[in-house]
Amino acid sequence: MKRLRFGAAGMLGGVALASVVLALGLARPAAAADMIGNCEMTGQKGSFPLTPAQAGQLTVEVNLPAPGWWNGDTPDTIKDGYEYCMAANIVYRAGLDKVAVTNVAWDALVAGQTKAFDLALSQISITDERKKVVDFSVPYFSSDIGILVKKGLKVDGATMKSLRIGVQGATTGADFVANKLKPVPPVKVFPDTPSMFAALAAGQIDAAMTDTAIVLGQASASTGTMEVVGQYSTGETYGALYPKGSPNGATFDKIIQSMIDDGTLKKLANKYLAAAWGTDPTTVPYFQPGS
């Protein structure tokens with residue numbers, strides 16, 4: 001799917017995680033009573049009014065699990081996380097009262113096959129191919145492609161092509177491995193990240209490759225059994241996904257840009273992602289596909 005930098009425009013230019021952690025943000029906190037889940041609201045309620053797909057709520061699609069981004073395994077259990085709180089703040093600034101979360105299949109989501117929703121937040125890379133069937137917001141996050149292995153496996157750029165690599169289907173990571181890295185053993189394609197990580201734990205593959213942000217989270221959750229040994233630079237960015245032709249796309253873009261400009265997204269990254277990863281992503285070495 002997806003250089004770990006935060007925000008859009010000038011903020012996409014290689015911001016180190018350390019600076020994100022130190023960023024205080026400029027957003028004005030709302031009253032505690034205005035919290036949604038465990039998320040602190042910022043900005044002004046109703047400053048960007050819109051008419052949602054379903055009255056009174058923002059219907060948000062996601063492909064779970066996504067720890068750090070959506071903290072919980074089912075829609076009913078999620079109360080915080082970077083993208084959940086991003087959605088909650090979009091709700092607040094749109095003058096709505098509820099985040100309605102729908103868990104959907106990844107393939108259907110990026111193929112534009114899901115219906116009756118406002119937007120999707122699921123670490124989705126913006127690509128020209130996907131733009132044919134869906135619309136995207138202004139970029140809010142960027143991530144390269146990381147390499148997750150069992151702890152102790154020695155890997156470098158020269159040995160990558162000999163590894164049994166697993167990818168999640170219909171992702172930009174899968175495209176990169178197949179078309180840029182081109183390993184010798186057949187690439188194993190999985191329908192989701194849990195099955196891919198389970199295959200790595202079981203020794204069925206040597207490496208799992210997807211967004212650096214995602215594999216860092218998995219390494220942190222593995223209690224020391226897995227580690228991220230390298231990454232490849234792709235320059236990809238995440239965007240909120242809208243139904244093609246969404247009448248609210250321009251308004252959502254204004255809301256997301258306002259959250260970038262006032263520091264809200266920096267604060268969310270510091271609170272939910274830096275802690276979840278446990279590693280400064282700038283310390284992860286970069287490999288070259290042809291090495």
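Everything numeric in this text was worked out from a predicted model, so none of it was measured.

Asks: Is there a simple way to think about the overall build of the protein chain in this case?
Replies: For the protein chain, the helix and strand inventory stands at 8 helices and 13 strands. Residues counted as buried form 54% of the 291 residues belonging to the protein chain. Entry remark: accessible area of the protein chain is about 11,700 Å², with carbon and sulfur atoms responsible for 55%.

Asks: Looking at this model, I keep getting lost on the confidence of the model for the protein chain. Mind explaining?
Replies: Atom-level detail of predicted coordinates should not be read off regions where pLDDT is low. With 88% of its residues at a pLDDT of at least 70, the protein chain reaches an overall mean of 89. Throughout residues 2-26 the model reports pLDDT below 50, and contacts reaching past four residues in sequence, or to other chains, amount to 78 contacts.

Asks: Help me understand the layout of surface pockets, please; the structure alone is not making it clear to me.
Replies: The rolling of a water-molecule-sized probe over the atoms marks out the regions of remaining empty space. Looking at the second largest pocket, its volume works out to about 180 Å³. As for the second largest pocket, its lining consists of Val110, Thr127, Glu129, Arg130, Val133, Ala170, Thr171, Thr172 and Asp175. Residues that form the lining of the second largest pocket fall into these classes: 3 nonpolar, 3 polar and 3 charged.

Asks: Mind showing me how you'd approach the nonpolar core here?
Replies: Across soluble globular proteins, you tend to see nonpolar side chains buried next to one another. Within the largest apolar cluster, 59 residues are counted, with the highest numbers of intra-cluster contacts made by Trp69, Trp70, Tyr82 and Met86. It is helix α2 (residues 82-93) that provides the largest number of residues to this core, a total of 9 residues. Residue contacts for Trp70: discarding those within four places in its chain leaves Val60, Val62, Leu64, Ile78, Asp80, Gly81, Glu83, Tyr84, Val101, Leu121 and Gln123. In terms of nonpolar packing, the next biggest core, distinct from the first, is built from 17 residues, Met160, Phe176, Val177 and Leu181 among them.

Asks: Honestly, the sheet that holds strand β7 (residues 145-150) in this entry has me stumped. Any pointers?
Replies: Strand pairing in a sheet takes place through backbone hydrogen bonds and is either antiparallel or parallel in direction. Judged by pairing direction, the sheet is mixed, and its 5 strands sit side by side in the order β9-β8-β10-β7-β11 without closing on themselves. Each edge of the open sheet carries a strand with a single partner, namely β9 (188-190) and β11 (226-232). Between one strand and the next, the sheet's axes are offset by a mean angle of 30°, whatever the strand orientation. Relative to β9, strand β8 (residues 165-168) runs parallel, the two being bridged by 3 bridges. Bridged to Gln168 within β9 is Phe190. Lying over the sheet, helix α5 (residues 193-201) contacts β7, β8, β9, β10 (207-211) and β11, oriented at roughly 150° with respect to β10. Here helix α6 (residues 212-221) sits on the sheet in contact with β7, β10 and β11, set at roughly 130° to β10.

Asks: What am I meant to see in α6 here?
Replies: Think of an α-helix as 3.6 residues a turn; residues three or four steps apart then line up on the same face. When you tally the buried positions in α6, you get 7 out of 10 residues, the bulk of the element. Taken residue by residue, α6 has Thr212, Ala213, Ile214, Val215, Leu216, Gly217 and Ala219 as its buried positions. Following α6 by one or two positions, Thr223 adopts a phi angle in the positive range, close to 50°.

Asks: What am I meant to see in the packing of α2 against helix α8 (residues 264-277) here?
Replies: Angle between the axes and distance between the axes: these two values describe a pair of packed helices. Close contact between α2 and α8 brings their axes to 9 Å; oriented N to C, the two are set at 150°. When the interaxial angle is binned, α2 and α8 end up roughly antiparallel. With respect to the hand of their crossing, α2 and α8 are arranged in right-handed fashion. For the pair α2 and α8, the contacting residues are Tyr82, Cys85, Met86, Asn89 and Arg93 in the first and Thr264, Leu265, Leu268, Ala269, Tyr272 and Leu273 in the second. Grouping the amino acids of the contact of α2 with α8 by side-chain chemistry returns 8 nonpolar, 2 polar and 1 charged.

Asks: It is not clear to me how the environment of Gly56 should be interpreted in this structure. Could you clarify?
Replies: Position of Gly56 relative to the elements: it lies in the loop between α1 (17-22) and β2 (57-62). The class for Gly56 is partly exposed, based on a relative accessible area of 39%. Not counting residues up to four positions away in its chain, the partners in contact with Gly56 are Leu96, Asp97 and Lys98.

Asks: In this structure, what is going on with the side chain of Ser137? I would like to understand it.
Replies: Along the chain, the position of Ser137 falls in the loop between β5 (134-136) and β6 (141-142). Its relative accessible area of 6% is what places Ser137 among the buried residues. A distance of 2.8 Å separates a polar atom in the side chain of Ser137 from the backbone nitrogen of Ala240. Non-local contacts of Ser137, meaning those with residues more than four positions away in its chain, are made with Ile126, Gly239, Ala240, Tyr242, Asp253 and Ile256.

Thresholds, definitions, all that
- Residues numbered from 1 in each chain as written.
- Predicted model: local features only at pLDDT ≥ 70, side-chain atom pairs only at ≥ 80, totals over all residues.
- Heavy atoms only, no water.
- Helix = DSSP H or I, 4+ residues; strand = E, 2+ residues; numbered from the N terminus.
- Buried < 20%, exposed > 50% of the residue type's maximum accessible area, 1.4 Å probe, protein only.
- Areas by Shrake-Rupley, 256 points an atom, 1.4 Å probe, with all protein chains shown as cover.
- pLDDT = per-residue confidence, 0-100.
- Contact = heavy atoms within 4.5 Å.
- 1 Å grid on protein atoms, 1.4 Å probe; cavity = no way out; pocket = protein on both sides within 12 Å on 5 of 7 lines; lining within 4 Å.
- Points joined across faces, edges and corners; volume = space filled by probe spheres on them.
- Nonpolar A, V, L, I, M, F, W, Y, C, P; charged D, E, K, R; others polar.
- Core = buried A, V, L, I, M, F, W, Y, C linked by side-chain atoms within 4.5 Å.
- Pairing = 2+ DSSP bridges.
- Axes fitted to C-alpha atoms, helices over the stretch in contact; angles between N-to-C directions.
- Parallel < 35°, antiparallel > 145°, perpendicular 65-115°, else oblique.
- Left-handed = near helix turned anticlockwise from the far one by under 90°.
- Polar contact = N/O pair within 3.5 Å; in protein donor to acceptor, adjacent residues only side chain to side chain.

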